[in-house]
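# Structural description and commentary
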Amino acid sequence: MKTVAHCISPYLQTAGPWVYEQVSRARRYRPIVLTQGAINLDEYPVDTLYSAEGFPAIARWTNRLWRRVQNEYLFYEEIVEREKVALLHAHFGYEGCRLLRAQRRTELPLLTTFYGADATEYPRYSRWMRQYEILFERGALFLAEGCAMAERLVELGCPPGRVRVWHIGVDVERIAFVQRQRCAEVRFLICAGFKEKKGIPYALRGLALAQQQQPFDFQLTLIGDGVDRVYIEREVDVLGLRSRTVFRGMLPYAQVVDELSQHDILLQTSVTAANGDGEGGAPVILLDAQASGMPIVASTHADIPEYVRDGKSGLLAGERDVEGIAERIVHLVTRTQDWPNMGRAGREHVEISYSAARQSQALESIYDELL
């Protein structure tokens, strides 16, 4: 069994459970994890993990200084050689750049998966673009969540022949399918980081406008937190939504999955932020929600139209189109008879194109090509 070194820092804080699916579901390749900080190990355990925070003091501080100056990791090549690694797999473009030293010294193939801001915001900075040029030259293959992100990588200078669309997988077996039916209150869910690219204010405004146009009883739950929390809470108050809104804060993924069955409609109105940050691909909560049978209202941002099939498993509006968002909410609220068919269509879509079991097999087939 050949060994693949997965590089992500800090471990599972930024990428979430879908990276863990790639690590834990390996069947023909032994995974090890290289990280600058071990986080969430209780929830996402792995057999072999090397954290730079566990290096001896001198090595730890030298690595930090080198990473700050040269933007590369020190000492990884020794681990790679000791573990007889056959392939380097970087999660996020910036991790691919930081692995270039190890790749040069070991001459192993380097596979890099892009997930979002690494393809949208980071290229705005000249330092990162210079490193991306080297990464695109030396990297063996680059994975994108969907066609929009793949096109973006090509625009950045990645050779088209080395870009591959590979879908993130979610564990559909652990997500219960619940056929939605109209209750006294429509239960809306927003599950996202509180940052500009998530477009939460547009979802709030769309919901408030929909309620004005076609009054209905509802409850709104927000799961998440972040730098824009004060602004989002202010928006809730200005729109008169406070009495109907619950802020749950950050929740472990297992609790998020449990929450899905308690809600009827997911709102995910992502946008391109002023600093260029975007989804790149699409939020994985869209897959989780569809697997649970929940209809979606989302934006036509990045690869969301691949994740959510407009008119089948959800309804899409343009970025920042508050009136369009409101129109689609009203449509779902007044046509609750459509919910069961949309839910079944969403579940089937995820099972066929995004299940972790299938995507793990597809990923190992990609590894086969590189070795």
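Our subject is the structure listed above.
Along each chain, residues carry numbers from 1 onward, in the same order as the chain's sequence is written. pLDDT decides what is reported in this predicted model: residues at 70 or higher carry local features, side-chain atom pairs at 80 or more are listed and counted, and totals for whole chains, interfaces and linings draw on all residues regardless. The basis for the side-chain values is all heavy atoms of the structure; hydrogens and waters are excluded.

### Quick notes on the overall build of the protein
When helices and strands are counted, the protein shows 16 helices and 13 strands. We compute the radius of gyration over the C-alpha atoms and compare it with the globule rule, which gives 2.2 Å times the number of residues raised to the power 0.38. Radius of gyration (C-alpha) of the protein: 21 Å, near the 21 Å computed for a compact globule of 371 residues. Considering only contacts within the protein whose residues lie at least 6 apart along the sequence, 71% involve residues at least 24 apart. If you sum the accessible surface of the protein, you get close to 15200 Å²; carbon and sulfur atoms cover 48% of it. In this tally, Asp and Glu contribute negative charge and Lys and Arg positive charge; neither His nor the terminal groups of the chain are included. By convention, the charge on Lys lies at NZ, on Arg at CZ, on Asp at CG and on Glu at CD. Here the protein carries 43 positive and 48 negative side-chain charges, and the mean point of each set is 3 Å from the other. In this description a helix means any DSSP run of H or I spanning at least four residues, a strand means any run of E spanning at least two, and both kinds are numbered starting from the N terminus. Whether two residues are in contact is decided by their heavy atoms, any of which lying within 4.5 Å being enough. All accessible-area figures derive from a Shrake-Rupley calculation using a 1.4 Å probe, and residue coverage is judged against the displayed protein chains alone.

### Comments concerning helix α16 (residues 356-370)
With 15 residues, α16 should reach 21 Å at 1.5 Å per residue; the first-to-last C-alpha distance of 21 Å fits that figure. Those residues of α16 that sit buried are A356, Q359, S360, L363, E364, I366 and Y367. Within α16, the buried residues cover an arc of 150° as seen down the axis, which keeps them to one side. Opposite the buried face of α16, at more than 90 degrees from it, the exposed residues are Q361 and E369. In a helix, the anticipated span is given by 1.5 Å times the number of residues less one. Note on exposure labels: buried denotes an accessible area under 20% of the residue type's maximum, exposed denotes more than 50%, and partly exposed covers the range between, all computed with a 1.4 Å probe on protein chains only. Think of it as the arc spanned by the lines of direction from the helix axis to the C-beta atoms.

### Thoughts on helix α1 (residues 17-24)
The α-helix winds at 3.6 residues per turn, so residues separated by three or four positions along the chain end up facing the same way. Within α1, six of the eight residues are buried, which leaves the element mostly enclosed by the surrounding structure. Among the residues of α1, P17, V19, Y20, E21, Q22 and V23 are the ones counted as buried. Packed against the buried residues of α1 are β1 (2-7), β2 (29-35), β4 (85-91), α11 (253-260) and α16.

### With respect to the sheet that holds strand β9 (residues 218-223)
Two strands pair under a simple rule: DSSP has to find at least two bridges between them. Read from one edge of the open sheet, six strands run β10-β9-β8-β11-β12-β13, paired in parallel fashion. On the outer flanks of this sheet lie β10 (245-249) and β13 (314-317), each paired with one strand and no other. Between one strand axis and the next, the sheet turns through 20° on average, direction left out of account. In this sheet, strand β12 (residues 296-299) lies alongside strand β11 (residues 265-268) in parallel orientation, the contact comprising three bridges. By the bridge assignment for β12, L266 is matched with I296. Note on method: axes are straight lines fitted to C-alpha atoms, helices fitted across the in-contact stretch only, with angles between N-to-C directions ranging 0 to 180 degrees. Across the face of the sheet, helix α14 (residues 322-334) comes into contact with β8 (186-191), β11, β12 and β13 while running at roughly 165° to β13.

### So, the side chain of R25
Along the polypeptide, R25 turns up in the loop between α1 and β2. Overall, R25 belongs to the buried group, its relative accessible area being 18%. Those residues in contact with R25 that sit more than four places away from it in its chain are Y20, D171, E173, A356, A357 and S360.

### Here we look at the nonpolar core
Formed by 83 residues in total, the largest nonpolar core has its most connected members in Y76, F114, L153 and L286. Every residue in contact with L286, bar those within four places of it in the chain, is listed here: L266, Q268, I296, A298, I304, Y307 and V308. We call a set of buried residues a nonpolar core when its members are Ala, Val, Leu, Ile, Met, Phe, Trp, Tyr or Cys and they connect through side-chain atoms within 4.5 Å of each other. By size, the runner-up hydrophobic cluster in this structure holds 35 residues, among which are A203, L222, I232 and L241.

### A short note on the pairing of strand β5 (residues 110-113)
Where burial is concerned, the two faces of β5 agree: the one with L110 and T112 and the one with L111 and T113 are both buried. Alignment of β4 against β5, held across four bridges, turns out to be parallel. Bridging across to β5, A90 finds its partner in T112. Alignment of β5 against strand β6 (residues 141-144), held across three bridges, turns out to be parallel. Along β6, the bridge assignment pairs L111 with L141.

### Quick look at the packing of helix α9 (residues 200-213) against α14
Direction vectors running N to C along α9 and α14 enclose 55°, while the axes themselves pass 8 Å from each other. When the axes of α9 and α14 are compared, the pair comes out oblique. In this structure, α9 crosses over α14, and the sense of that crossing is right-handed. Contact residues: Y202, R205, G206, L207, L209, A210 and Q213 in α9; V322, E323, I325, A326, I329 and V330 in α14. Classes in brief: Ala, Val, Leu, Ile, Met, Phe, Trp, Tyr, Cys and Pro nonpolar; Asp, Glu, Lys and Arg charged; the others, Gly included, polar. In terms of residue class, the contact of α9 with α14 is made up of nine nonpolar, two polar and two charged. With respect to orientation, any angle under 35 degrees is reported as roughly parallel, any angle over 145 as roughly antiparallel, any angle of 65 to 115 as roughly perpendicular, and every other angle as oblique. Crossing handedness: left-handed means the near helix sits turned counterclockwise from the far one by under a right angle, and right-handed means the same turn made clockwise.

### A closer look at the pairing of β1
For β1, a buried count of five out of six residues is recorded, marking the element as mostly surrounded by other parts of the structure. Of the pairings in the sheet, the one linking β1 to β4 comprises five bridges and is parallel in character. Residue T3 lies in a different strand from β4, and its bridge partner there is V85.

### Describing the packing of aromatic side chains
Side-chain rings of Phe, Tyr and Trp (the six-membered ring for Trp) are treated as a pair once their centres are within 6.5 Å; stacked means planes under 30 degrees apart, edge-to-face means over 60, and tilted covers the remaining angles. Counting across every chain of the model gives 19 aromatic pairs. A centroid spacing of 5.2 Å and a plane angle of 80° characterise the contact between Y29 and Y367, whose relative ring orientation is edge-to-face. Here Y367 lies in helix α16 and Y29 lies in strand β2, a separation of 338 residues in the sequence. Exposure class is identical for Y29 and Y367. Each is buried. Consider the rings of Y94 and W128, whose centres lie 6.3 Å apart with planes at 65°: the pair is edge-to-face. Taken as a pair, Y94 in helix α4 (residues 93-98) and W128 in helix α7 (residues 126-138) lie far apart in primary sequence, 34 residues in all. Judged by its relative accessible area of 10%, Y94 falls in the buried class. Two thresholds decide whether a charge sits over a ring: the Lys NZ or Arg CZ must be within 6 Å of the ring centre and within 35 degrees of the ring normal. A cation over a ring is seen here: R64 above W61, with NZ or CZ 4.4 Å from the ring centre.

### Digging into the pattern of salt bridges
By convention in these notes, a salt bridge is any Lys or Arg side-chain nitrogen within 4 Å of a carboxyl oxygen on Asp or Glu. In total, this model carries 25 salt bridges according to the counting rule given. A salt bridge links E155 to R152, with the shortest nitrogen-to-oxygen separation between them at 3.8 Å. With a gap of three residues between them, E155 and R152 both fall in helix α8 (residues 147-155), about one helical turn apart. Looking at R152, the relative accessible area reads 27%, which means it is partly exposed.

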